[in-house]
Amino acid sequence: MSTKTKTTTAYDEFVSYLEKIFAVSTDEVKVIIKDFHSEMQKGLSGFESSLKMLPSFTDRAKGIEKGKFIALDLGGTNFRVIAVDLDGKGGTTIVGVNKYVIDKQYMEGSGEQLFDFIANCIKGFMEGKNIPLDKKLELAFTFSFPVEQTNVAAGKLLTWTKGFTASGVVGEDIVVLLNEALRKIGIKNLKVAALVNDTVGTLVAKSYTEPSCDVGVILGTGTNACYPEKIINIRKWRGMPPKGNMIINMEWGNFDKLFVSPYDKDIDAASPNPGKHRLEKMVSGMFLGEILRVVVRDLIKRDLIFKDESATNLFSKNGSLKTENMSNIEADTSDNLGEVEAFISKHNVKNIDQNSKDLLKHVSKLVSKRSARLSAAAIASVVLWMDPELKNKHVIGIDGSLFEKYPGYKDMMEEVFIELFKTHAKNIVCEHARDGSGVGAAIIAAIAASTEG
Ligand code: GLC
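Given the structure is predicted, the values throughout are model-derived calculations rather than measurements.

Caption draft 1: Spatial organisation of the site of the ligand. Surrounding the ligand, one finds 15 residues, the nearest of these being K162, N197, D198, E251 and E280. At 3.3 Å, a backbone N or O of T223 approaches an oxygen atom of the ligand. Within the side chain of N224, a nitrogen or oxygen atom sits 3.0 Å from an oxygen atom of the ligand. For the ligand, the protein covers 98% of the area, taking 310 Å² as the surface of the free molecule. Under a 2 Å grid-point criterion requiring more than half of the atoms, the pocket assigned to the ligand is the largest cavity. Going through the elements one at a time, α6 (198-209) and β10 (223-230) are the ones with two or more residues in the shell around the ligand.

Caption draft 2: Quick peek at the pattern of salt bridges. Summed over the entire model, instances satisfying the criterion amount to 22 salt bridges. Ionic pairing is found between K357 and E341, a salt bridge with its closest N-O pair at 2.6 Å. Pair noted here: K357 is in helix α13 (residues 354-386) and E341 is in helix α12 (residues 338-346), with a separation of 16 residues, a long-range link. When its relative accessible area of 4% is taken as the criterion, K357 is described as buried. Of the residues examined, E341 reaches a relative accessible area of 31% and is grouped as partly exposed. In this structure, a network of salt bridges that share partners links the residues E39, K42, D256 and K257.

Caption draft 3: Looking closely at the nonpolar core. The biggest cluster of nonpolar side chains holds 90 residues, and the ones touching the most others in it are L18, F36, M250, W252, I379 and M413. With 15 residues, α13 is the single largest residue contributor to this core. Counting residues in hydrophobic clusters, the runner-up holds 41 residues, among them I70, L72, Y100 and L139.

Caption draft 4: How the structure looks around the sheet that holds strand β1 (residues 54-55). Reading across from one edge, β1-β11-β10-β9-β12-β13 is the order of the six strands in this open sheet, with mixed pairing throughout. The two strands at the open ends of the sheet, each matched to only one other strand, are β1 and β13 (428-432). Packing against the sheet, helix α15 (residues 409-421) makes contact with β9 (213-219), β12 (394-399) and β13, and its axis sits at approximately 170 degrees to β13.

Caption draft 5: Broad picture of the layout of surface pockets. Considered as a void within the structure, the second largest pocket measures approximately 580 Å³ in volume. In terms of lining, the second largest pocket is formed by 22 residues, of which the most central are F57, T58, D59, I447 and T451. Listing elements by their share of the lining of the second largest pocket, those giving two or more residues are β11 (245-249) and α16 (436-452). Considering every element that reaches the lining of the second largest pocket, the biggest residue donor is α16, with six residues. Of the residues belonging to the lining of the second largest pocket, the class tally is 11 nonpolar, five polar and six charged.

Caption draft 6: Broad picture of the pairing of β12. Most of β12 sits inside the fold, with six of its six residues counted as buried. Residues H394, I396 and I398 line one face of β12 and the alternating positions V395, G397 and D399 line the opposite face, and both faces are buried. The sheet contact formed by β9 and β12 spans five bridges and is parallel. Counted as the bridge partner of I218 is D399 from β12. Across five bridges, the pairing between β12 and β13 is parallel. Along β13, the bridge assignment pairs H394 with I428.

Caption draft 7: View of the packing of aromatic side chains. Applying the stated criterion across every chain, the model contains 15 aromatic pairs. Seen in terms of ring centroids, Y106 and F117 are 4.5 Å apart; in terms of plane orientation they differ by 20 degrees. Their pairing is stacked. Residue Y106 is located in helix α3 (residues 104-108), and its partner F117 is located in helix α4 (residues 111-128); the two are separated by 11 residues in the primary sequence. F117 shares its class with Y106; the two are buried. With centroids separated by 5.0 Å and ring planes inclined at 65 degrees, the aromatic side chains of F145 and F164 adopt a geometry described as edge-to-face. Taken together, the residues span a long stretch of sequence, with F145 in the loop between β5 (137-143) and β6 (147-151) and F164 in the loop between β7 (154-157) and α5 (174-184) at a distance of 19 residues. Here the aromatic residues F141, F143, F145, W160 and F164 are joined through ring pairs into a cluster of three or more. Between the NZ or CZ atom of K162 and the centre of the ring of F145, over which it lies, the distance is 4.8 Å.

About the cut-offs
Residues numbered from 1 in each chain as written. Predicted model: local features only at pLDDT ≥ 70, side-chain atom pairs only at ≥ 80, totals over all residues. Heavy atoms only, no water. Near = heavy atom within 4 Å. Polar contact = N/O pair within 3.5 Å; in protein donor to acceptor, adjacent residues only side chain to side chain. Areas by Shrake-Rupley, 256 points an atom, 1.4 Å probe, with all protein chains shown as cover. 1 Å grid on protein atoms, 1.4 Å probe; cavity = no way out; pocket = protein on both sides within 12 Å on 5 of 7 lines; lining within 4 Å. Sits in = over half its atoms within 2 Å of the grid points. Helix = DSSP H or I, 4+ residues; strand = E, 2+ residues; numbered from the N terminus. Salt bridge = Lys/Arg side-chain N within 4 Å of Asp/Glu carboxyl O. Buried < 20%, exposed > 50% of the residue type's maximum accessible area, 1.4 Å probe, protein only. Core = buried A, V, L, I, M, F, W, Y, C linked by side-chain atoms within 4.5 Å. Pairing = 2+ DSSP bridges. Contact = heavy atoms within 4.5 Å. Axes fitted to C-alpha atoms, helices over the stretch in contact; angles between N-to-C directions. Points joined across faces, edges and corners; volume = space filled by probe spheres on them. Nonpolar A, V, L, I, M, F, W, Y, C, P; charged D, E, K, R; others polar. Phe/Tyr/Trp six-rings, centres within 6.5 Å; stacked < 30°, edge-to-face > 60°. Lys NZ or Arg CZ within 6 Å of the ring centre and 35° of its normal.

The following block contains the structure:
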């Protein structure tokens, strides 16, 4: 970087140190892949592993699934109710969507309050659409947290992630909790036909129209992936006919065989689930802004950036820098970095020197690049697990704002595939998969209904 403070060695040394701790070399990617495979193996065999490898009780779509469903989507700061029609020929129509913000009081209060809130949203949606409350309807419930399923429409929450802490839910069957809340307000005829992780919904929705899609990935508030596994390889699972495939929800956000920087340790320690979801805390949209914030806080302490008292206050405040701010800053290619100026001056920080603006963007890029390279390493692990020589084409269906909106994210991932696989890298095709949480969940409900009947 060409900056005026660059003359000071302390500055140079510290920037090089940051570049080093946030770099993920090709060799490191190869080690990550090896470790992923060993954790996957352990998870599938029922041994202690940071990858839970959870059976989803469903396989991919055939493209012929049909019917009308209400899909529920809970997994972040919004709850959505979606009416979906599947025409049985690969066509899907979203007939209506309502979005409700989940206040912190519900995320962090009691589970009962959270499920009462959800039940009331469903009631509001039905009334708004003139659907009689006593009408028999099938629900497809996308619940994007680690759930140990016991069948396609039942499962217990293993642990909360992404900032949720609502009490009395861990260890409970999510469908039972929802049914109780619905009964309380007089709704008796809604039946949950499928309980679905968002990754599984994404894979199933994409494979409805794209049969070579065999990995579903979320790169958004959280991160995770799923893929179809041969049932015979799910060793922890006894008593099932060892025929066919079942989609496995990996819960890869919890992968923990990684080099972590002191900043990652800070983020982890301050989170509601220390020690858990270490990969997610280095990759996903919920955490990137926080990582950059704690690095800048440190740079301020070392007197290497923003020499204004008010900057100290801004960067000391949890959550003051969002991943969206990073995304805007990185998208700004102007010399004077108006986006940094806009963000900083909005918080009344004065004396914004060019050097500080450049440094903020530089460090932002280190953090986002590490995220993309770790995501690529994780995707490569799953693809190589299924196809060790990368002989076939694999479409990776990806949903989430990091993938969709972060400048250069996809390119940074693809660089890793090229480093690893040279010309074969073209066999990994990352594509945006839209609305797995609505459409995908509805398709799974339809698959469940057809196998039941
Ligand atoms: C978190 C959840 C996981 C979900 C992911 C993406 O990692 O534990 O179930 O798929 O976020 O939303």
